[in-house]
Structure formats: C-alpha cells, structure tokens
Amino acid sequence: MAEGNGMTTRGFNALARALAAAMIAAFCGCHQESAHAPPAAPAPPAKAADINAERLAAGEPDQWLTPGRDANGTFYSPLADINAGNVAKLGFAWDYDLRTNRGQQSTPLVIDGVMYASSNFGRVYALDAASGKELWTYDPHIDGQWARYACCDVVNRGLAAFEGRVYVGALDGWLHALDARTGQLAWKVSLRSCIP
C-alpha cells in the first residue's frame, strides 16, 4: 500500500496479522505494579484503542495489543514484577459475569487501561482493567441457528484493535468494526463474500 493513504505496507501487514490472530485462541497477560513504587497514572490515550503500526512494532511491555500480545504473536510478556518470590501474594481483584454458560476461548486485549474481550457468537465487552467496571458491550444479534454450523460450540477466538476500532468476527461470518470508545457499530462486512 502507498504511504500517502495513511498506512504503510508494514502497518497493513501488522493489521492483517492482528485480524488473523483475532480468530485464534491464546493466553492472556497481566501487569502488577511493583510494591516498591506507587503506580504511575497512565496518560489518557488520544482515543480508545489508539493502535497503529508503530505501537504494534514497539511491542509495549505493559500492553496486550493483539491476541499474541505483540505484532509478532510472541505470547510473551517481558514484565518481571510478578515472580516466584511474590506470586503467593497475588489475590482476587474482580470478576465479570459474561452471562453465559457456553465455552470461552478468546484472549482479552488490554490497551491503555481498557480490557476488550469477546464471547459467544461475537459479543464484545469493554471493561476498565483496574476495576472490572463495564464500559460498554456489543451484541451482534446472531440468529441462534448458526450454532448448528459451528464445529466447536459458539465460541469466539478473539479481537483485533487498530486506529480506534475494535474488530470482531461473528459466528455468522460477518466482520464487525466497532468504535473502541463507545462500542457502536461503525461498519460490518460479510467475510463469506471475500472467499473466492
């Protein structure tokens, strides 16, 4: 892609990898501030899910920007605040009820203090990562009959985020682009029409 349209080839490739990775199951990383220093107040992001090719390439250690944590899908967190010497001191902070008993297989993204997670049929949840407070939810309103065609229950394998949008592939084959700040649908497209 040309540089002039706002996205370099590297950025396009990073987005393509992030969108592809959003369809697989993975592991989640977390970050606990050191007990020796007070937690720094995060700078407010210019916009929610303010991800671009540079941030993906940088692989910010305290963020989980893709289902594989970084653009290379390493699934590795270099953070060292939690270790064998203090892991026993970890405790329960909060929980969030997804209001389903169906399977869950996605990895949440954690971007600038917001956790974005997907659930059955392609539902999406945005939560304050520190408190678990619900910021917004999105339901793609999938006809339950689509469950007949799913090989592995109605699970969703994850999300992608890029330039203020959160992307989710719903069970019925539609890709939904959501405003990361509000959860409002920006657009959707049938992925089935993209298959030759």
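Residues numbered from 1 in each chain as written. Predicted model: local features only at pLDDT ≥ 70, side-chain atom pairs only at ≥ 80, totals over all residues. Heavy atoms only, no water.

Trainee: I'd love a proper account of the side chain of Arg55, names of residues and values included.
Mentor: Of note, Arg55 is situated in helix H2 (residues 53–58). At 2.9 Å, the side chain of Arg55 and the backbone oxygen of Asp50 are in polar contact. Discounting chain neighbours no more than four positions away, the residues touching Arg55 are Asp50, Glu60, Gln63, Leu65, Ile111 and Asp112. (Helix = DSSP H or I, 4+ residues; strand = E, 2+ residues; numbered from the N terminus. Polar contact = N/O pair within 3.5 Å; in protein donor to acceptor, adjacent residues only side chain to side chain. Contact = heavy atoms within 4.5 Å.)

Trainee: Could you give an account of the packing of aromatic side chains, naming the residues involved and the relevant values?
Mentor: Tallied over the full model, the rule gives 3 aromatic pairs. Look at Tyr96 and Tyr125: their rings are 5.6 Å apart centre to centre, the planes differ by 65°, and that puts the pair in the edge-to-face class. With Tyr96 in the loop between H2 and strand S1 (109–111) and Tyr125 in strand S3 (residues 124–128), the pair connects residues that are 29 residues apart, well separated along the chain. Residue Tyr125 is classed as buried on the basis of its relative accessible area, which comes to 4%. Ring centres of Tyr116 and Trp136 lie 6.2 Å apart, and the angle between their planes is 50°; this geometry places the pair in the tilted category. With a gap of 20 residues between them, Tyr116 in strand S2 (residues 114–118) and Trp136 in strand S4 (residues 134–138) connect regions that are remote in the sequence. (Phe/Tyr/Trp six-rings, centres within 6.5 Å; stacked < 30°, edge-to-face > 60°. Buried < 20%, exposed > 50% of the residue type's maximum accessible area, 1.4 Å probe, protein only.)

Trainee: Break down the pairing of strand S6 (residues 165–169) for me, with residues and values.
Mentor: Burial within S6 is extensive, with 4 of its 5 residues counted as buried. Strand direction decides the pairing type here: strand S5 (residues 159–162) and S6, joined by 4 bridges, are antiparallel. If you follow Leu159 over to S6, its bridge partner there is Val168. Taking the residues between adjacent antiparallel strands as the criterion, S5 and S6 are bridged by 2 residues, where Glu163 takes a positive phi near 45°. Counting the residues between successive antiparallel strands, the hairpin from S6 to strand S7 (residues 174–179) contains 4 residues, one of them, Gly173, with a positive phi of roughly 90°. (Pairing = 2+ DSSP bridges.)

Trainee: So what's going on with the pattern of salt bridges? Which residues, and what values?
Mentor: A side chain with one charge can pair with a side chain of the opposite charge if their charged atoms come near. Tallied over the entire structure, the rule returns 5 salt bridges. Between Arg99 and Glu134 there is a salt bridge, with its nearest N and O atoms 3.6 Å apart. Placement of the pair is Arg99 in the loop between H2 and S1 and Glu134 in strand S4, with a sequence separation of 35 residues. Accessibility expressed as a relative area gives 57% for Arg99, which makes it exposed. A relative accessible area of 36% means that Glu134 is categorised as partly exposed. Arg123 is the salt-bridge partner of Asp139, the closest N and O atoms lying 3.7 Å from each other. Here Asp139 is found in the loop between S4 and S5, whereas its partner Arg123 is found in the loop between S2 and S3, with 16 residues between them in sequence. Each of Arg55, Glu60 and Asp112 takes part in one network of salt bridges that share partners. (Salt bridge = Lys/Arg side-chain N within 4 Å of Asp/Glu carboxyl O.)

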